[in-house]
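# Breakdown of the fold
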Amino acid sequence: MPMWLQALWWGFVGGAALILGAFVAWRWRIPPKVVSTIMAFGAGVLISALAFELVDEAADGGGLVPTVSGFLVGAVIFVASNALLARRGARHRKRSNGLQSSETQQPGSGTAIAVGALLDGIPESLVLGLGLVASGAVSPAMLVAVFISNVPEGLSSSAGMKRAGRSAAYVFGVWTTIAVLSGVAAAAGFLLLDGAPAALIAFITALAAGAILAMLSDTMIPEAFEDDHMLTGLTTALGFAVAFSVHSLGG
């Protein structure tokens, strides 16, 4: 199978976890504490992945300056884009507790939420394609991290969409589209950067990592601590430990 097609496939697989989470939220009513616990676990997974799979490897491959520069640029791009979308109704797109705006409350919020969900998913998918550029194979640890973290994202966000009165066609249409575009982003990451200088690859990898960390802080962690309980921090640490174990065993 051509490498770009592998990137397309694995990007889609990672994005498809959003559909799985949406199905669970649509089929069953998940207690808020369970949603926040699952989101905390997913946050821990992504923190570990961006630290060991992205930033550390970017610095090793391309140097400190491209890595730090890319990381900060990625965070700035995400925060600026997220602020713009928040004004249009996408601020609470990953919240399950009724904070999401309905179309009646804020016209255009449905589109903003869809674009925001795409903004959240593209950096994760991009690095799957970059993994093929760097090592000739998708990183199992990164793929597992993306998949595990996308399930609670899809679950929490879809629960909020349902409470805001959005239809099943809208919810599953959004996540299916994002799953497909996740595959496209992974393929683009491979095709555009195959043979690129190590410093550029490090910059783009770190850019994605910075965007992911900003996304975690702005969208996933608030939901993880929405129904705060004694095990939230422990669950986040458990997610980190699981992802780190996958990274270590895969290495």
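Residues numbered from 1 in each chain as written. Predicted model: local features only at pLDDT ≥ 70, side-chain atom pairs only at ≥ 80, totals over all residues. Heavy atoms only, no water.

### Overview of the overall build of the protein chain
A count of helices and strands for the protein chain gives eight helices and zero strands. Reading the protein chain from its N terminus to its C terminus gives the helix and strand order α-α-α-α-α-α-α-α. Per-residue burial over the protein chain gives 47% buried out of 251 residues. In the protein chain, once contacts between residues fewer than 6 apart in sequence are set aside, the share between residues at least 24 apart is 85%. (Helix = DSSP H or I, 4+ residues; strand = E, 2+ residues; numbered from the N terminus. Buried < 20%, exposed > 50% of the residue type's maximum accessible area, 1.4 Å probe, protein only. Contact = heavy atoms within 4.5 Å.)

### Some thoughts on the packing of aromatic side chains
Throughout the structure, instances matching the rule amount to six aromatic pairs. Ring geometry for Phe23 and Trp28: centres 6.1 Å apart, planes at 90°, overall edge-to-face. What makes Phe23 partly exposed here is its relative accessible area of 43%. Here a set of aromatic residues connected by ring pairs shows up, and it is made of Trp9, Trp10 and Phe12. When the ring centre of Trp26 is taken as origin, the NZ or CZ atom of Lys162, which lies over that ring, is 5.2 Å away. Sitting over the face of the ring of Tyr170, Arg166 holds its NZ or CZ atom 5.5 Å from the ring centroid. (Phe/Tyr/Trp six-rings, centres within 6.5 Å; stacked < 30°, edge-to-face > 60°. Lys NZ or Arg CZ within 6 Å of the ring centre and 35° of its normal.)

### Comments concerning the confidence of the model for the protein chain
Of the residues in the protein chain, 86% have a pLDDT of 70 or more, and the chain-wide mean is 82. When the elements of the protein chain are averaged for pLDDT, helix α4 (residues 109-135) gives the smallest value, 74, and helix α1 (residues 3-27) the largest, 90. (pLDDT = per-residue confidence, 0-100.)

### Some thoughts on the packing of α1 against helix α5 (residues 140-163)
Two packed helices can be described by the angle between their axes and the distance between those axes. It is at 6 Å that the axes of α1 and α5 come closest, and there the two elements cross at 35°. Relative to α5, the crossing made by α1 is right-handed. On α5, the residues that touch Trp10, Val13, Gly14, Gly15, Ala17, Leu18, Leu20, Gly21, Ala22, Val24, Ala25 and Trp26 of α1 are Leu143, Val146, Phe147, Asn150, Val151, Glu153, Gly154, Leu155, Ser158, Ala159 and Lys162. Each residue belonging to the contact of α1 with α5 can be placed in one class, and the counts come to 15 nonpolar, six polar and two charged. (Axes fitted to C-alpha atoms, helices over the stretch in contact; angles between N-to-C directions. Left-handed = near helix turned anticlockwise from the far one by under 90°. Nonpolar A, V, L, I, M, F, W, Y, C, P; charged D, E, K, R; others polar.)

### A look at the environment of Gly63
Relative to the helices and strands, Gly63 is located in the loop between α2 (32-62) and α3 (64-90). Along the backbone, Gly63 and Phe203 are 140 residues apart, and their C-alpha atoms lie at a distance of 9.1 Å.

### Here we look at the UniProt feature "transmembrane region" (unreviewed entry) in the protein chain
In the numbering used here, UniProt assigns the feature "transmembrane region" (unreviewed entry) to residues 6-26, 33-52, 64-85, 126-148, 168-193, 200-217 and 229-249. In residues 200-217, helix accounts for 100% and strand for 0%; the two terminal C-alpha atoms are 26 Å from one another. (UniProt positions renumbered as here; feature names shortened; annotations may be inferred.)

### Some points on helix α6 (residues 168-193)
Its 26 residues place the ends of α6 37 Å apart at the C-alpha level, agreeing with the 38 Å of an ideal helix rising 1.5 Å per residue. Just beyond α6, the residue with positive phi is Gly195, at close to 85°. (Expected span 1.5 Å × (residues − 1).)

### So, α2
Note: α-helices contain 3.6 residues per turn, so residues at a spacing of three or four share the same orientation. Helix length check: α2 (31 residues) gives 42 Å between terminal C-alpha atoms against 45 Å at 1.5 Å per residue, within 8%. Largest kink in α2: about 30°, centred on Leu50. Positive backbone phi, approximately 105°, marks Gly63, located one or two places after α2. (Bend = angle between axes of the 7 residues up to and from the residue.)

### Looking at the side chain of Glu53
Locating Glu53 in the fold gives a position in helix α2. Within the structure, Glu53 has its side chain in polar contact with the side chain of His247 (distance 2.3 Å). In this view, Glu53 contacts Ser48, Ser139, Ala141, Met142 and His247; residues no more than four positions away in its chain are not counted. (Polar contact = N/O pair within 3.5 Å; in protein donor to acceptor, adjacent residues only side chain to side chain.)

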